[in-house]
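Spelled out from the first residue to the last, the chains are:
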Amino acid sequence: MRAEVPMKVETDRRTVLKTIGMATGAGALSVGAAGAVEAGAPSDEGRLLKSLMMELTRTTAHRDYKTVPMILNERSQWDADAIELLKNYRGEPKQVWDQTEIDGPWLNLMRNSLNAQVWSFRHPDFLVVSATHGSAHLALFDQAMWDKYRLAEMTKGKMKNNALIEASSTPTSTDYEDPKGAYSAAANSIPALQRRGVVFLGCHNAIWEVAGKLIKADINPDHLAQDALAAELTNHLIPRAVLSPGAVATIPELQRAGFFYIK
């Protein structure tokens, strides 16, 4: 009798996944390069998470700032609607990760947490948010900014380019037990995690500080003031990053909404 219980649970789970319109096997949800939700890609989110990803795509602002202030004080200056969507998300459980080191194991840890929550604890609507600041925030700038402002130098030789946003070699195997598949360490990239519903929260304070450091280091080819340089960096956040007025300040907002804090 003990051997029959897991089989029944797995059968029921597959039925549910098919009912909510997910892809063959474990189910699928992907957020493509343009931010659209795609069926048939390797992931395993549930119905609530799929809906959230679609709403975030619609509410993440198109950024075309000319200047930004040091302290944001108007909702139009950050992705306020997107943050409200995160706070009001009804799926459970929810984790917010305090991520600060670009060369740390942060992507691997979030992937492992996501795998265990979805496959071990059967929580397909599990939401992971990365509250990204410190050197980790460099990963949220596109390669154009890395090239123009020599951001690799800020990693003290640890990275030559923003390899964390490269997705060309992301595995596509839908077998969640494949040690080289889309759920393995081979998929430790920001785009791969975004396809599985991980939300990367950008930090205005980190952007402002990077702009100040670049000016101080005389890495400022257009001779921009700090408010204009910070605006340019903001405009070049990677697709689907959610801009916050400050990652550290946004963490307690998410905690009040039921997110578990992880450092």
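Description of the structure in this document. Computed from a prediction, not measured in an experiment: that's the story for all the values here.

### Observations concerning the sheet that holds strand E5 (residues 199-203)
Sheets are built from strands that pair by backbone hydrogen bonding, the pairs being arranged parallel or antiparallel.
Thought 1: The sheet built from five strands is open, its strands ordered E6-E5-E4-E3-E7 with parallel pairing. Each of the sheet's edge strands pairs with one partner strand only, and the pair in question is strand E6 (242-244) and strand E7 (260-262). Put simply, the sheet's adjacent strands are angled 25° from each other on average, direction ignored.
Thought 2: The pairing of strand E3 (residues 94-99) with strand E4 (residues 127-132) spans six bridges and is parallel. Among the inter-strand pairings, Trp 97 is bridged to a residue of E4, identified as Ser 130.
Thought 3: Against the sheet, helix H9 (residues 247-256) contacts E3, E4, E5, E6 and E7, and its axis sits at roughly 155° relative to E4.

### So, the environment of Val 129
Thought 1: One can find Val 129 in strand E4.
Thought 2: Classification of Val 129 as buried rests on a relative accessible area of 0%.
Thought 3: Sequence spacing of Val 129 and Gln 95 is 34 residues, and the spatial spacing of their C-alpha atoms is 6.2 Å.
Thought 4: Residues in contact with Val 129, not counting those within four places in the same chain, are Leu 86, Gln 95, Val 96, Trp 97, Val 199, Leu 201, Leu 254 and Phe 259.

### Examining the pairing of E4
Thought 1: Buried residues dominate E4, accounting for six of its six residues.
Thought 2: Alternating positions in E4 separate into two faces, Leu 127, Val 129 and Ala 131 on one and Val 128, Ser 130 and Thr 132 on the other, with burial throughout.
Thought 3: Following the backbone out of E3, through helix H4 (residues 106-120) and into the adjacent parallel E4, one traces a crossover that is right-handed.
Thought 4: Sheet topology places E4 next to E5; three bridges connect them, and they run parallel. Across the sheet, residue Ala 131 finds its bridge partner in E5, namely Leu 201.

### Describing the pattern of salt bridges
Thought 1: Inspection of every chain in the model, using the stated rule, returns 11 salt bridges.
Thought 2: Glu 84 is the salt-bridge partner of Lys 87, the closest N and O atoms lying 3.3 Å from each other. Remark: Glu 84 and Lys 87 occur in helix H3 (residues 80-87); sequence separation between them is three residues, near one turn of the helix.
Thought 3: Its relative accessible area of 21% is what places Lys 87 among the partly exposed residues.
Thought 4: When its relative accessible area of 28% is taken as the criterion, Glu 84 is described as partly exposed.
Thought 5: A salt bridge links Lys 87 to Glu 253, with the nearest nitrogen and oxygen atoms 3.3 Å apart. Of this pair, Lys 87 sits in helix H3 while Glu 253 sits in helix H9; the two residues are 166 residues apart in sequence, bridging distant segments of the chain.

### Description of helix H2 (residues 47-59)
Thought 1: Compared with the 18 Å implied by 1.5 Å per residue over 13 residues, the 19 Å span of H2 between its first and last C-alpha is a close match.
Thought 2: For H2, the full list of buried residues reads Leu 49, Leu 52, Met 53 and Leu 56. End-on view of H2: buried residues confined to an arc of 100°, all on one side of the axis. Among the exposed residues of H2, those pointing more than 90 degrees away from its buried face are Arg 47 and Arg 58.

### Looking at helix H8 (residues 226-235)
Thought 1: For H8, a buried count of seven out of 10 residues is recorded, marking the element as mostly surrounded by other parts of the structure.
Thought 2: Residues of H8 that are buried: Ala 228, Leu 229, Ala 230, Ala 231, Glu 232, Leu 233 and Thr 234.
Thought 3: Buried positions along H8 lie against helix H5 (143-148), helix H7 (204-216) and E6.

The rules behind these values
- Residues numbered from 1 in each chain as written.
- Predicted model: local features only at pLDDT ≥ 70, side-chain atom pairs only at ≥ 80, totals over all residues.
- Heavy atoms only, no water.
- Pairing = 2+ DSSP bridges.
- Helix = DSSP H or I, 4+ residues; strand = E, 2+ residues; numbered from the N terminus.
- Axes fitted to C-alpha atoms, helices over the stretch in contact; angles between N-to-C directions.
- Contact = heavy atoms within 4.5 Å.
- Buried < 20%, exposed > 50% of the residue type's maximum accessible area, 1.4 Å probe, protein only.
- Right-handed = clockwise from strand over helix to strand, strands pointing away.
- Salt bridge = Lys/Arg side-chain N within 4 Å of Asp/Glu carboxyl O.
- Expected span 1.5 Å × (residues − 1).
- Arc of directions from axis to C-beta.

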